[in-house]
Amino acid sequence: MGNTVAREDFEWVYTDQPHADRRKEILAKHPEIKALMKPDYNLIWVVMLMVLAQLTAFYLVKDLDWKWVIFWAYVFGSCISHSMTLAIHEISHNSAFGNSKAMWNRWFGIFANLPLGLPYSVSFKRYHMDHHRYLGGDGIDVDIPTNFEGWFFCTRFRKFIWIVLQPFFYAIRPLCINPKPITRLEIINLLAQLSFDVVIYYLWGVKSTFYMLAGSVLGLGLHPISGHFIAEHYMFLKGHETYSYYGPLNLLTFNVGYHNEHHDFPNIPGKSLPLVKKIAAEYYDNLPQYNSWIKVLYDFVMDDTISPYSRMKRHLKGEVKQD
């Protein structure tokens, strides 16, 4: 339980990320993939149904015993909340209304954010675009853990705690690695969220409010779906920076598991990523892949050679443009 992992620093690489080159190759060979670069209007209706489902749950838990509030927050609320963060991920790529209506996507992201209880959507969009442009970029990509995380969470028990505290680290990491000035839209996101939270508390009380917030925290921490945080880019095999997952939880996560496909074609909605894999199978079938996010979490904790340091990191060259 107390074994210390061998890695003492990130895996520094001096090559560009692989996704841009692979995208060019695939498009040259399979130009029909360009037809998939269009909005997924079904996303709008799915998000509205998810918001309605959580509002219904807020009402139903208001008079339950606390043990059942906690139970349903983990069993149901956490799944919806985590799924909604990945709907917001889709919206951040303008998948709901298309690139020509970028602001419609921003406002819709703020709406989708409401049942999470914590303001998230606008800031996520700003940092997530950096993650795609500058994957692993030192001081830019806040998906990379801090040096403290790599240094401290170096035993099996500490790695388990690190997984539990994932929501905290994802919230605080941007402030440590790449702080940005607050924008007007972020203030609107915050005010809209606080207003919504106050309304929920006023209408249905503390149990509904707790259910909302606990579902978000639990869903992003020790939860099967949270395996995607580690599965996407943690280096279980040396030299491989991005990994895809092809298991059933893609049904709840807008196919975020198709992560090589997503980084190759970030302007294709998650709904169409399985088709990308099918069309360009010769590029994806032989890449390292997962079929269980639960196993990813287990292996991350139990494998003494894997830690938060198990990420590729690169010094960026040339001009860096951030949102």
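Predicted, not measured: the structure shown is a model, and the values here were computed from it. (Residues numbered from 1 in each chain as written. Predicted model: local features only at pLDDT ≥ 70, side-chain atom pairs only at ≥ 80, totals over all residues. Heavy atoms only, no water.)

Here the focus is a nonpolar patch on the surface. Together, W68, F71, W72, Y74, V75, F76 and L218 line one region of the surface with nonpolar side chains, adding up to about 600 Å² of accessible area. In terms of residues, the nonpolar patch owes the most to one element, helix 3 (residues 66-92), which gives six residues. (Patch = residues over 30% accessible without salt bridge, like charges linked within 9 Å, V, L, I, M, F, W, Y side chains within 5 Å. Areas by Shrake-Rupley, 256 points an atom, 1.4 Å probe, with all protein chains shown as cover. Salt bridge = Lys/Arg side-chain N within 4 Å of Asp/Glu carboxyl O. Helix = DSSP H or I, 4+ residues; strand = E, 2+ residues; numbered from the N terminus.)

Summed over the entire model, instances satisfying the criterion amount to 25 aromatic pairs. Where F10 meets Y309, the ring centres are 5.0 Å apart and the plane angle is 90 degrees; that geometry is what we call edge-to-face. Taken together, the residues span a long stretch of sequence, with F10 in the segment before strand 1 (11-13) and Y309 in the loop between helix 15 (293-302) and strand 4 (312-314) at a distance of 299 residues. Grouping residues by exposure puts F10 and Y309 together as buried. Seen in terms of ring centroids, F58 and Y211 are 5.9 Å apart; in terms of plane orientation they differ by 80 degrees. Their pairing is edge-to-face. Taken together, the residues F58 in helix 2 (residues 42-60) and Y211 in helix 10 (residues 206-219) connect sequence positions 153 residues apart. Residue F58 shares its accessibility class with Y211, and that shared class is buried. Through a chain of ring-to-ring contacts, the aromatic side chains of F148, W151, F152, F153, F168 and F169 assemble into a single cluster. For K180, the ring lying beneath its charged end belongs to Y127, and the centroid distance is 4.6 Å. A cation sits over an aromatic face here: R311 above Y234, 4.8 Å from the ring centre. (Phe/Tyr/Trp six-rings, centres within 6.5 Å; stacked < 30°, edge-to-face > 60°. Buried < 20%, exposed > 50% of the residue type's maximum accessible area, 1.4 Å probe, protein only. Lys NZ or Arg CZ within 6 Å of the ring centre and 35° of its normal.)

Looking now at helix 3. In helix 3, a bend of some 45 degrees at G77 exceeds every other bend along the element. Backbone geometry just downstream of helix 3 places N94 in the positive-phi region, at approximately 65 degrees. (Bend = angle between axes of the 7 residues up to and from the residue.)

Another aspect to go through is the nonpolar core. By size, the foremost hydrophobic cluster in this structure holds 38 residues, and its most contacted members are V47, M84, W162, I230 and F300. When contributions to this core are tallied by element, the ones reaching two or more residues are helix 2, helix 3, helix 4 (102-113), helix 7 (156-164), helix 11 (227-231) and helix 15. Grouped together as the second largest cluster of nonpolar side chains are 13 residues, I26, I268, L273 and V276 included. (Core = buried A, V, L, I, M, F, W, Y, C linked by side-chain atoms within 4.5 Å.)

It is worth spelling out unusual backbone geometry at this point. Residues other than glycine seldom take positive phi values, yet N94 does so here, at roughly 65 degrees. The class of N94 is buried, set by a relative accessible area of 9%.

Here the UniProt-annotated "transmembrane region" (unreviewed entry) positions come out as residues 43-61, 68-87 and 107-124. The span residues 68-87 shows a helical share of 100% and a strand share of 0%, and its end C-alpha atoms are spaced 27 Å apart. A distance of 13 Å separates the end C-alpha atoms of residues 107-124, which is 61% helix and 0% strand. (UniProt positions renumbered as here; feature names shortened; annotations may be inferred.)

Going through the model one piece at a time under the given rule, you end up with 15 salt bridges. Across the salt bridge formed by E11 and K238, the nearest N and O atoms sit 2.5 Å from each other. Placement of the pair is E11 in strand 1 and K238 in the loop between helix 11 and strand 2 (244-245), with a sequence separation of 227 residues. The class for E11 is buried, based on a relative accessible area of 18%. We classify K238 as exposed; its relative accessible area is 64%. Across the salt bridge formed by R156 and D304, the nearest N and O atoms sit 3.0 Å from each other. Taken as a pair, R156 in helix 7 and D304 in the loop between helix 15 and strand 4 lie far apart in primary sequence, 148 residues in all.

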